Amino acid sequence: MKKALVLGLLVFALGLAASAEGFTGSWATDITLDIAAGSELTVTDLTSLLEADYAVGGWVFGFNTFVGASGLFDLNFDVAGILGAFTFASFVDFDTVTPAFEDWETVAQVSIAGVDIYTAFAVQEAAAGVYGAGWAVGGHGAAGSVEVWAQANFNLSGGITHYFPYWPDIETFYGWDYMTDWGTYWSCAGQAWYSGDWSVIQTNSCTPTWSKVYIAVKAPLGCLNLGVSTSFSCTSGWDGVTFGLNNLNLGAGWFQLDDLDITFTPTSKVLSTDFTLTFGSAVCVTPYFDLNQEGLNVIQGITLRALLLTYEYNGVTLKAGELFAYYAGFTKAGALSTYANCVVPNADEFIGIWYDSDSCCGGSLSASFVTFFDAGSQANGIFDYVLMVAGVELGIGSNVSIRTGLEVSPTGIDALSLGFTLSW
């Protein structure tokens, strides 16, 4: 029944795309096959994502389905548009396995006299048949070089703490578009699918009482940038205030004081520092250094965490990496990661080739071949070979691409993957 429903939805969406103006979207499917000892092909993973948008009158209506090896597992809808002076965005998500309603989030924004004011509302399932609701209101404004943010939460979290991902450090600011980017996505760190941006924190109540207020100010202070952040909550009263100075140039040339933060609470004062090196890339080699800091002001030494080499020539990119410490390892794409679930196990070296060019009929061709090694073991021979990953994606025109991948370990072929993307 689920497969029939999925196929019906796909046919319906593709039919609309072909017959109605204003429809855009994509259908991407990837399947991974495992080759067992008896040369039998076993499906170990299947992901099929259908995303369709219909734009009319300044509004965009979205429809998204997610299919796994066991069938349809998620279905969500989103809408965004402008009505008068207001900008609206709304998202509703359903678990099709249980089945159950999971999440409804709506955000509205308006600009008044240069101040952006927004409000958010959410209803979510906390457990089977148990729901919670909450809302928040916030704003952002600037007066010359001074910027101010504020948000009050009523049984809801999100928003400003996602605007500033390292709160109470307010150096990095994402913005309005980030708040309403609700797409369902796979996280290798959590090994799960996630969606939405807001979270109901009092999970078993639909009476959204006040829970927290955040306030942040950023202003120049001489040649420095000063950030001030504070919050008040229903559980602790005043949570404290943090005064932060970022990117302090000490005149040393090769290192600087990246952060100097002073946090006051009703019962304590905490001073924290973070020194960082400012070495640049040397030709095509990027070093990842870290200072060995003890306490607030003692530097014991310098540690080389990793080295990455990148060299490009005539559409071909050669990359290599050496891992020493701190990072969990290298991803299959040859990038550094601190998440253990995202890296190739036991691989602390790699070398790979990436190739990009045009293909026939307006499409593009990309290919990669990456080999990973374990420098701390010779169990797999003199070169410590761990894994080889190869992939090719070929564009057939501007709307269709097909791809294939191969993973080979010292014991044989681990996985063979096939996939395609159709966009319109």
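Everything that follows concerns the structure shown earlier in this document.
Cut-offs used in this document
- Residues numbered from 1 in each chain as written.
- Predicted model: local features only at pLDDT ≥ 70, side-chain atom pairs only at ≥ 80, totals over all residues.
- Heavy atoms only, no water.
- 1 Å grid on protein atoms, 1.4 Å probe; cavity = no way out; pocket = protein on both sides within 12 Å on 5 of 7 lines; lining within 4 Å.
- Points joined across faces, edges and corners; volume = space filled by probe spheres on them.
- Helix = DSSP H or I, 4+ residues; strand = E, 2+ residues; numbered from the N terminus.
- Nonpolar A, V, L, I, M, F, W, Y, C, P; charged D, E, K, R; others polar.
- Pairing = 2+ DSSP bridges.
- Buried < 20%, exposed > 50% of the residue type's maximum accessible area, 1.4 Å probe, protein only.
- Core = buried A, V, L, I, M, F, W, Y, C linked by side-chain atoms within 4.5 Å.
- Contact = heavy atoms within 4.5 Å.
- Patch = residues over 30% accessible without salt bridge, like charges linked within 9 Å, V, L, I, M, F, W, Y side chains within 5 Å.
- Areas by Shrake-Rupley, 256 points an atom, 1.4 Å probe, with all protein chains shown as cover.
- Salt bridge = Lys/Arg side-chain N within 4 Å of Asp/Glu carboxyl O.

Draft legend 1. Examining empty space enclosed by the protein more closely. Tallied over the full model, the rule gives 1 cavity of 30 Å³ or more. Around the largest cavity, the lining residues are Pro 168, Asp 169, Ile 170, Gly 227, Thr 242, Gly 244, Asn 246 and Asp 261. Counting residues per element, the lining of the largest cavity draws most heavily on strand 16 (residues 237-248), at 3 residues. For the lining of the largest cavity, the residue count by class is 2 nonpolar, 4 polar and 2 charged.

Draft legend 2. Here's a closer look at the pairing of strand 17 (residues 255-264). As paired strands, strand 16 and strand 17 are joined by 7 bridges and run antiparallel to one another. Looking across to strand 17, one finds that Gly 244 is bridged to Asp 261. Pairing between strand 17 and strand 18 (residues 269-277): 9 bridges, direction antiparallel. Bridge pairing in strand 18 places Gln 256 opposite Thr 276.

Draft legend 3. Summary view of unusual backbone geometry. In the segment running from Thr 98 into Pro 99, the intervening peptide bond is cis, with an omega of -15°. For Pro 99, the location among the structural elements is in the loop between strand 5 (86-95) and strand 6 (100-112). With omega at 10°, the peptide bond leading from Trp 167 into Pro 168 counts as cis. Turning to its location among the elements, Pro 168 is positioned in the loop between helix 2 (160-163) and helix 3 (176-179). A positive phi angle is found at Tyr 326, which is not glycine, with a value near 75°. Looking at the element boundaries, Tyr 326 is found in the loop between strand 21 (316-323) and strand 22 (329-330). Judged by relative accessible area, which is 58%, Tyr 326 ranks as exposed. Even without glycine at this site, Asn 346 takes up a positive phi of about 65°.

Draft legend 4. Geometry of the environment of Phe 86. Locating Phe 86 in the fold gives a position in strand 5. Phe 86 gets classed as partly exposed once you look at its relative accessible area, which sits at 40%.

Draft legend 5. Just the pairing of strand 4 (residues 71-83), in detail. As judged from the 9 bridges shared by strand 3 (residues 59-68) and strand 4, these two strands associate in the antiparallel manner. Bridging from a neighbouring strand, Thr 65 pairs with Leu 75 of strand 4. Counting the residues between successive antiparallel strands, the hairpin from strand 3 to strand 4 contains 2 residues. Hairpin connection of strand 4 to strand 5: 2 residues between the antiparallel strands, including Gly 84 at a positive phi of 65°.

Draft legend 6. Quick look at the nonpolar core. One finds Val 107, Tyr 118, Leu 156, Phe 164, Met 179 and Trp 198 to be the most contacted residues of the largest nonpolar core, which totals 20 residues. Counting residues per element, the ones that place at least two in this core are strand 5, strand 7 (115-127), helix 2, helix 3 and strand 14 (212-221). Sort the elements by how many residues they give to this core and strand 7 lands first, with 3 residues. Contact partners of Met 179, with chain neighbours within four places excluded, come to Val 107, Tyr 118, Gly 159, Tyr 163, Asp 197 and Trp 198. Of all hydrophobic cores here, the second largest spans 14 residues; its members include Val 344, Ala 347, Trp 354 and Val 386.

Draft legend 7. Representation of the environment of Ser 195 in the model. Within the secondary structure, Ser 195 is located in the loop between strand 12 (192-194) and strand 13 (199-200). As a C-alpha pair, Ser 195 and Thr 184 span 11 residues in sequence and 4.2 Å in three-dimensional space. Those residues in contact with Ser 195 that sit more than four places away from it in its chain are Phe 91, Asp 93, Trp 182, Gly 183 and Thr 184.

Draft legend 8. Molecular detail of a nonpolar patch on the surface. A cluster of nonpolar side chains, namely Trp 104, Ile 112, Val 115, Ile 117, Phe 121, Trp 135 and Val 137, defines an oily patch on the protein surface of about 550 Å² accessible area. Taken together, the elements giving at least two residues each to the nonpolar patch come down to strand 6, strand 7 and strand 8 (130-143). The element contributing the most residues to the nonpolar patch is strand 7, with 3 residues. Summarising the element assignment, Ile 112 is placed in strand 6.

Distances and angles like these do not, on their own, reveal function.
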